[in-house]
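A look at the structure
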Amino acid sequence: MSSRLSHAEDRVFLVVGLVFLALFLSPTTTRAVTFADWAAANGYGPGAVLPQTVSAQSSSIDVLTGLGAYNWTTTPTECLDLHNNQIAAIAGGTFSQPNNLTHLDLSRNAITSVESGDYMGLDDLATLLLSHNQIATLNSGGFSGLDNATSLQLDHNQITSIPNACFSGLSSLTYLGLSGNQIVTIPTYGLDGLGALTSLDLHDNLITTIEEGCFRELDSLDTLDLRCNSMTSIPGGAFSDLGTLTSLNLSWNSITSIDAGSYMGLGNLTSLRLHHNAIATLGGGGSSGLSKLTSLDLSGNPITTLQGGFCVGFSGTLTVLNMSDVDFASLTDLTPLYDLDSLTDLWLARTTNVDAMALDTLLDNLAAMQSVATEGVLYLTQADYTSLNTSGAGRLAAWDAEPGHHVQIVVPGDANGDGSVDETDALTLAAHWGLAGMSWWDGDFNDDGFVGAADAAMLAANWNYNSSESCPIDVPEPASFALLAMAAAWWCLGRRRF
Ligand SMILES: [Ca+2]
Ligand SMILES: [Ca+2]
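Residues numbered from 1 in each chain as written. Chains lettered and ligands numbered in written order. Predicted model: local features only at pLDDT ≥ 70, side-chain atom pairs only at ≥ 80, totals over all residues.

On to the overall build of the protein. Counting secondary structure elements, the protein contains 9 helices and 23 strands. When each of the 498 residues of the protein is scored for burial, the buried share is 39%. Pairs at least 24 residues apart make up 66% of the contacts formed inside the protein by residues separated by at least 6 positions. (Helix = DSSP H or I, 4+ residues; strand = E, 2+ residues; numbered from the N terminus. Buried ≥ 20, exposed ≤ 12 C-beta atoms within 10 Å, placed from the backbone. Contact = placed C-beta atoms within 7 Å.)

What follows is the structure in structure tokens.
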């Protein structure tokens, strides 16, 4: 009896199993969600006048057809927000109906390529957001028709190469974001047509090669961010066409040497970040051409030798030099730094094996560091200062005691090195929250390259350190402060909409 029941149960399980299998294997018939579906669900029938801002984000839209069925010009609509949908492709003619759109957000969709004519018809568009898609291919003419666009964000896609002239037509573009892709080479003709560009962000790619002449049409570039790439050297003349550049970030690459002529043409550069590379030797004319440089960050490099010509290019202009996180065991000859006549801020935080006598002699030779009028500051951590416990440390203490210049003790959290940890530092940390390729100055206090919770905790631990406020201010507890810092960071990220 029990055996027969058992056989019956087996048959039931078998049938149920087969039904589930059939359902599992049958083709899914889920219908695509179109823009028209979204419009209908939100009360807009065909021909309806759409509002000034159309917010269709996070609505499971996967096909962007039928935009032409609505009235975009009577109000008119200026902002179309489609971020966080599942749109995989832009069909030809999608934006061909008359429109006044200035802001189009297609970030966080599933777009795989940019095809010729995709954005034709967007004559007034200023901002196009395509970050966080799956774009692997940029095709010629893909951005045609965007004559008035000023900002294009292509960050966090899967772009591996920049085809020749793929940005042609973007003659008004001032900002181009290509961070977080897999670009290996900046090709000679890849950036053609970007004559108005002032800021180019290529951080967090796999760039090893900067081809000759690739920047030759960037007549207005002010800021170039190449941090977190895979460069091992700077080819001579690589930046020779960037006469308008003021800020260059080459940090967190694998650069081992700087050749003479590497900075040729950078006559207007004021800020150069080379921190966290693999540079052992500096000098030999490698700084010639940097005649307006005021800030140089060399922190976190394994520097062993400063050659005689190290500061020939910027001896009269450099005011801030960062050599934090450097081991001075082999770097004992500091005489090539003596010519830095304008230096007022010398960062040597978290350094090791610094010879206090050599350091004191260096300070004696730096004209602006010595001057009461210009107030020289030497930035050290307490551990650095304590480790200088030799007869030379006494001389450093004496230098500290003289009027007009001093040793500034910095603690984790003091991003700007003013000796206290306060709102200014918290805002710096929040502004760089979640970013890679950072330094102490950006809020990376544990020197892992990222600005995150660990750094916020260090800032919180030293909150209100050495505050010079005469009236005590109401300061949150460290734990709640860390939460506040994160909230501020999210606020900043939200505003960026990457
Ligand atoms: Ca501070
Ligand atoms: Ca960090």
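Having seen the model, we can carry on.
The subject of this paragraph is the packing of helix α7 (residues 423–431) against helix α8 (residues 453–461). Relative to each other, α7 and α8 sit at 175 degrees, their axes nearing to 11 Å. The angle between α7 and α8 falls in the class roughly antiparallel. Contacts from Asp425, Ala426 and Leu429 in α7 reach Asp455, Ala456 and Leu459 in α8. When grouped by side-chain class, the residues that make up the contact of α7 with α8 number 4 nonpolar, no polar and 2 charged. (Axes fitted to C-alpha atoms, helices over the stretch in contact; angles between N-to-C directions. Parallel < 35°, antiparallel > 145°, perpendicular 65-115°, else oblique. Nonpolar A, V, L, I, M, F, W, Y, C, P; charged D, E, K, R; others polar.)

Let us look at the pairing of strand β22 (residues 377–380). Bridge count for strand β21 (residues 345–347) against β22 is 3 bridges, and the pairing is parallel. Looking at β22, one finds that Asp345 is bridged to Val377. Sheet topology note: the β22/strand β23 (residues 406–409) ladder contains 4 bridges and is parallel. Directly across from Leu380, in β23, lies its bridge partner Ile409. (Pairing = 2+ DSSP bridges.)

Among the nonpolar cores identified, the biggest contains 120 residues, and Leu128, Leu321, Leu348 and Leu459 are the most heavily contacted of them. Contributing elements (two or more residues each) for this core: α2 (35–41), β5 (127–129), β20 (320–322), β21, α3 (356–365), β22, α7 and α8. Of all the elements, α8 adds the most residues to this core, at 4 residues. (Core = buried A, V, L, I, M, F, W, Y, C linked by C-beta atoms within 7 Å.)

Moving on to α7. Burial in α7 covers these residues: Asp425, Ala426, Leu429 and Ala430. End-on view of α7: buried residues confined to an arc of 140 degrees, all on one side of the axis. (Arc of directions from axis to C-beta.)

The next point concerns the confidence of the model for the protein. Of all residues in the protein, 86% attain a pLDDT of 70 or more, and the chain-wide mean is 88. The low-confidence segment residues 1–5 (pLDDT under 50) makes 0 contacts with residues lying over four places distant or belonging to another chain. (pLDDT = per-residue confidence, 0-100.)

This part is about unusual backbone geometry. Cis peptide bonds are those with omega within 30 degrees of zero, and the linkage from Thr75 to Pro76 qualifies with -15 degrees. Positionally, Pro76 belongs in the loop between β1 (53–55) and β2 (79–81). Non-glycine residue Ser58 carries a positive phi angle of around 50 degrees. Relative to the elements of secondary structure, Ser58 occurs in the loop between β1 and β2. Assessed through the 12 C-beta atoms surrounding it within 10 Å, Ser58 is described here as exposed. Unlike most non-glycine residues, Glu375 shows phi in positive territory, near 55 degrees. Positionally, Glu375 belongs in the loop between α4 (367–370) and β22.

On to the environment of Thr188, then. With respect to the helices and strands, the residue Thr188 is situated in the loop between β9 (185–186) and β10 (199–201). Given 15 C-beta atoms within 10 Å, Thr188 falls into the partly exposed group. Through-space distance from the C-alpha of Thr188 to that of Ala165 is 9.6 Å; in sequence the pair is 23 residues apart. Discounting residues that sit within four places of it in the chain, Thr188 has contacts with Glu211, Glu212, Gly213 and Cys214.

Our next topic: the environment of Leu200. Locating Leu200 in the fold gives a position in strand β10. When the C-alpha atoms of Leu200 and Gly177 are compared, they prove to be 6.2 Å apart, with 23 residues separating the residues in sequence. Residues in contact with Leu200, not counting those within four places in the same chain, are Leu176, Leu221 and Leu224.

Looking now at the environment of Met458. When you line up the elements, Met458 lands in helix α8. Looking at Met458, the number of C-beta atoms within 10 Å reads 20, which means it is buried. A sequence separation of 15 residues divides Met458 from Gly443, and the C-alpha atoms of the two residues are 9.9 Å apart. The residues contacting Met458, other than those within four sequence positions of it, are Pro412, Gly413, Phe445 and Asn446.

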